[in-house]
Amino acid sequence: MSPKPYSIATLGGDGTGPEVVAQAVKVLHAVAAKFNLKFTLTPLDYNGDRYLKTGVTLTDEELEGLKKFDSILLGAIGHTDIKPGIVEKGILLKIRFGLDQYVNLRPVKLYPNVDTPLKHKTAKDIDYVVIRENSGGLYTGSGGVSMKGTTHEVAVQNMIYTWHQVERCVRFAFEYTRQRKAAGYPGKLTLCGKSNVLNYVFDLWERAMKEVGKDFPDIQTDYVHVDAMCIYMIDCPEKFDVIVTENLFGDIITDLAAITQGGLGVSPGGNINPQGVSMFEPIGGTAPAFTGLNQINPLAAIGSASLMLAHLGEKTAAAAVDQAIANTILTMKSMAAGQMGMSTTEVGDRVASEINLIKI
Ligand code: IPM
Ligand code: MN
């Protein structure tokens, strides 16, 4: 019987985005053949180039249209010829918020044979997941400016959280930690906050952790201030299993985490709405210096496709992609763009052929 196709929107986006998404698509084709799956792919040009031509970022109708897909695969958004913020807010954040993708899932895993700047740390020490709240905090746009251009100018940007937002994110984090525990991980969830200063917001987070935690007596919990977190992620990353945090803290610590796992070239991510349409995208940006050179590392995009497969329930296929990435890494010189010892397309080819070789 032929399988029901998954309908996937592919948004290459800007810079090197289209190049890395093309490799992820190549890998999805290999996965489809190997695991008898079917993907109907719809490429969409919501990006900076289109904005420069038409003045349109993403219309409300286009946002609505995205709701009919099973999932979205995105490269990167951001354009060197466009003032920062326009396409980021008008496309990327409009999708994250509009589709209520309230969890940003960012696994931090050092694969064997990948260089980390952390001396004395190896693959066994760096294997945790950051769950970044993705719908609130400082990203809501709440605030404003008055008396602009004068010495009395006032600029306000509010960190906003509702109980509802925090509760659902924390619940997702507990459930995710429980699933990992079933796979052999310690079953520990760490809240990363700043309760010594931002006492209103993180008091809410801490109470939500306690309240939701009652449903998860099997999960151990812990609290770390975000500044200390930056020390521990470098000094003792093995301390972590799953970290849950607010939006901007999550943005910042996942860039730090990315460099410990070999850089943005290998750092995947997913914007998840467990009840709706999710979008998978590498953490790294558009890498304008490498655009069109066939030198960018596509593994973060391919890893994001693996997260997408896991989210769609195709766990075996997701694990196969992960294994194929690990095998491919063994043949690469470096994870850095331009230094891989292979081109972007060669890395994609290699992952695809590793998938064909995997025994199931
Ligand atoms: C990320 C990016 C985005 C963010 C930008 C491009 C809006 O840095 O995905 O981490 O801040 O979330
Ligand atoms: Mn970021």
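Starting from 1, residues in each chain are numbered consecutively following that chain's sequence as written. Working convention: letters from A go to chains and numbers from 1 go to ligands, in the order in which they are written. Given that this is a predicted model, residues contribute local features only at a pLDDT of at least 70 and side-chain atom pairs are listed and counted only at 80 or more, while totals for whole chains, interfaces and linings are drawn from all residues. Computation of side-chain values covers all heavy atoms of the structure but excludes hydrogens and water.

Chemist: Would you mind going over the nonpolar core in detail, with residue names and values included?
Modeler: By convention a nonpolar core is built from buried Ala, Val, Leu, Ile, Met, Phe, Trp, Tyr and Cys residues, the set being connected through side-chain atoms within 4.5 Å. Burial classes follow relative accessibility: with a 1.4 Å probe on protein chains only, a residue under 20% of its type's maximum area counts as buried, one over 50% as exposed, and anything between as partly exposed. Of all hydrophobic cores here, the largest spans 88 residues; its most connected members are Val 31, Ile 131, Trp 205 and Leu 299. No fewer than three residues from each of domain 1 (1-105 + 267-360) and domain 2 (116-261) sit in this core. In what follows, residue pairs with any heavy atoms lying within 4.5 Å of each other are defined as contacts. Residue contacts for Leu 299: discarding those within four places in its chain leaves Gly 265, Val 266, Ile 325, Ile 329, Met 332, Met 335, Val 347 and Val 351. Residues Leu 11, Ile 82, Ile 91 and Ile 95 belong to the second largest nonpolar core, which totals 18 residues. Segment limits for the domains were obtained from an automatic or database-derived domain assignment.

Chemist: Pulling in residues and values, what's your account of the packing of aromatic side chains?
Modeler: Between the rings of Phe, Tyr and Trp (Trp by its six-membered ring), a pair exists once the centres lie within 6.5 Å; its type follows the angle of the planes, with under 30 degrees stacked, over 60 edge-to-face, and the other angles tilted. Overall, the coordinates contain seven aromatic pairs when judged by the stated rule. Where Phe 174 meets Phe 216, the ring centres are 5.0 Å apart and the plane angle is 15°; that geometry is what we call stacked. Taken together, the positions of Phe 174 in helix H5 (residues 163-182) and Phe 216 in the loop between helix H6 (199-213) and strand E9 (220-225) put the pair 42 residues apart, joining distant regions of the chain. Just as Phe 174 is buried, Phe 216 falls in that class too. An aromatic cluster is built from Tyr 161, Phe 202, Trp 205 and Phe 249, whose rings are joined through pairwise contacts. Only runs of H or I of at least four residues qualify as helices and only runs of E of at least two qualify as strands under DSSP, and these elements are numbered from the N terminus.

Chemist: Tell me about the layout of surface pockets, residues and numbers included.
Modeler: Note on definitions: the grid is 1 Å and covers protein atoms alone; a cavity is a set of points where a 1.4 Å probe fits but cannot get out; a pocket is an open set with protein on both sides within 12 Å along at least five of seven lines; lining residues have an atom within 4 Å of a point. Grid points are joined across faces, edges and corners, and a volume is the space filled by probe spheres set on the points. Computed from the structure, the largest pocket encloses a volume of approximately 1100 Å³. If you go around the largest pocket, you meet 39 residues; those closest to its centre are Leu 105, Tyr 176, Arg 180, Leu 307 and Ala 310. Elements with a minimum of two residues in the lining of the largest pocket: strand E4 (103-109), strand E5 (127-133), H5, helix H9 (299-311) and helix H10 (315-329). Tallied by class, the residues present in the lining of the largest pocket amount to 24 nonpolar, seven polar and eight charged. The two domains that each donate at least three residues to the lining of the largest pocket are domain 1 (1-105 + 267-360) and domain 2 (116-261). Following the grouping adopted for this structure description, the nonpolar residues are Ala, Val, Leu, Ile, Met, Phe, Trp, Tyr, Cys and Pro, the charged ones are Asp, Glu, Lys and Arg, and the polar ones are all others, Gly among them.

Chemist: Explain the sheet that holds strand E2 (residues 39-44) residue by residue, including any values.
Modeler: The strands making up a sheet associate through backbone hydrogen bonding, with each pair oriented either parallel or antiparallel. The strand order across the open sheet built from 10 strands is E2-E1-E3-E12-E11-E4-E5-E10-E8-E9, with neighbouring strands paired in mixed fashion. If you trace the sheet from one side to the other, it starts and ends with E2 and E9, each paired once. On average, adjacent strands in this sheet sit at an angle of 25° to one another, irrespective of strand direction. Across two bridges, the pairing between strand E11 (residues 270-272) and strand E12 (residues 278-280) is antiparallel. Of the residues in E12, the one forming a bridge with Asn 271 is Met 279. Should DSSP find at least two bridges between two strands, the strands are regarded as paired. Axis geometry follows a simple rule: fit a line to the C-alpha atoms, using only the stretch in contact for helices, then measure angles between N-to-C directions, giving values from 0 to 180 degrees.

Chemist: Go over the packing of helix H1 (residues 17-35) against helix H11 (residues 344-357), please, and point to the residues and values.
Modeler: Close contact between H1 and H11 brings their axes to 9 Å; oriented N to C, the two are set at 15°. Put simply, H1 runs roughly parallel to H11. Relative to H11, H1 is oriented so that their crossing is right-handed. Contacts from Glu 19, Gln 23, Lys 26, Val 27, Ala 30, Val 31, Lys 34 and Phe 35 of H1 reach H11 at Thr 344, Thr 345, Gly 348, Asp 349, Val 351, Ala 352, Ile 355, Asn 356 and Leu 357. When its residues are assigned to classes, the contact of H1 with H11 shows eight nonpolar, five polar and four charged. Small angles under 35 degrees read as roughly parallel and large ones over 145 as roughly antiparallel, with 65 to 115 read as roughly perpendicular and the rest as oblique. In this scheme, a crossing is called left-handed if the near helix is turned counterclockwise away from the far one by less than a right angle; it is called right-handed if the turn is clockwise.

Chemist: Account for the pairing of strand E10 (residues 242-245), with residues named and values stated.
Modeler: Here E10 shows a buried face lined by Val 242 and Val 244 and a second buried face lined by Ile 243 and Thr 245. For E5 and E10, the ladder comprises four bridges, and the chain directions are parallel. Bridged to Val 129 within E10 is Val 242. Sheet topology note: the strand E8 (residues 188-193)/E10 ladder contains four bridges and is parallel. Counted as the bridge partner of Leu 189 is Val 242 from E10.

Chemist: Tell me about the side chain of Asn 273, and please be specific about residues and values.
Modeler: With respect to the helices, strands and loops of the structure, Asn 273 is situated in the loop between E11 and E12. Note on Asn 273: relative accessible area 10%, which makes it buried. A 3.5 Å cut-off defines polar contacts: any pair of N or O atoms within that distance qualifies, except that in protein one atom must be a possible hydrogen donor and the other a possible acceptor, and neighbouring residues in sequence count only when both atoms are side-chain atoms. Here the side chain of Asn 273 touches Asp 100 through a polar contact of 3.3 Å, landing on its backbone oxygen. For Asn 273, the contacting residues outside a window of four places in its chain are Leu 99, Asp 100, Gln 101, Tyr 102, Ser 278 and His 311.

Chemist: How would you sum up the domain arrangement of the protein? Please name residues and give values.
Modeler: Domain annotation of the protein identifies domain 1 (1-105 + 267-360) and domain 2 (116-261). Between domain 1 and domain 2, the residue contacts involve 14 residues of the former and 17 residues of the latter. Two parts lose some accessible area (1.4 Å probe) when they are put together, and adding that loss for both gives the buried area. The junction of domain 1 with domain 2 conceals about 1400 Å² of combined surface from both sides, 58% of it contributed by carbon and sulfur atoms. Salt bridge, as used here, is a side-chain nitrogen of Lys or Arg placed within 4 Å of a carboxyl oxygen of Asp or Glu. Between the two partners, domain 1 and domain 2, sit one salt bridge. Arg 168 is the salt-bridge partner of Asp 100, the closest N and O atoms lying 2.9 Å from each other. Secondary structure elements with two or more residues in the side of domain 1 that touches domain 2: helix H4 (86-98), E4 and E11. By residue class, the composition of the side of domain 1 that touches domain 2 is eight nonpolar, four polar and two charged.

Chemist: Before we move on, can you summarise the pattern of salt bridges with the specific residues and values?
Modeler: In the structure shown here, the tally under the stated rule is 19 salt bridges. With a closest N to O distance of 3.0 Å, Glu 167 and Arg 171 form a salt bridge. Taken together, the residues span about one helical turn, with Glu 167 and Arg 171 both in helix H5 at a distance of four residues. In this structure, Asp 222 engages Lys 188 in a salt bridge whose closest nitrogen and oxygen atoms are separated by 3.8 Å. Of this pair, Asp 222 sits in strand E9 while Lys 188 sits in strand E8, and the two are 34 residues apart along the sequence. The class of Asp 222 is partly exposed, set by a relative accessible area of 24%. Counted as one network, the salt bridges with shared partners bring together Glu 167, Arg 171 and Asp 215.

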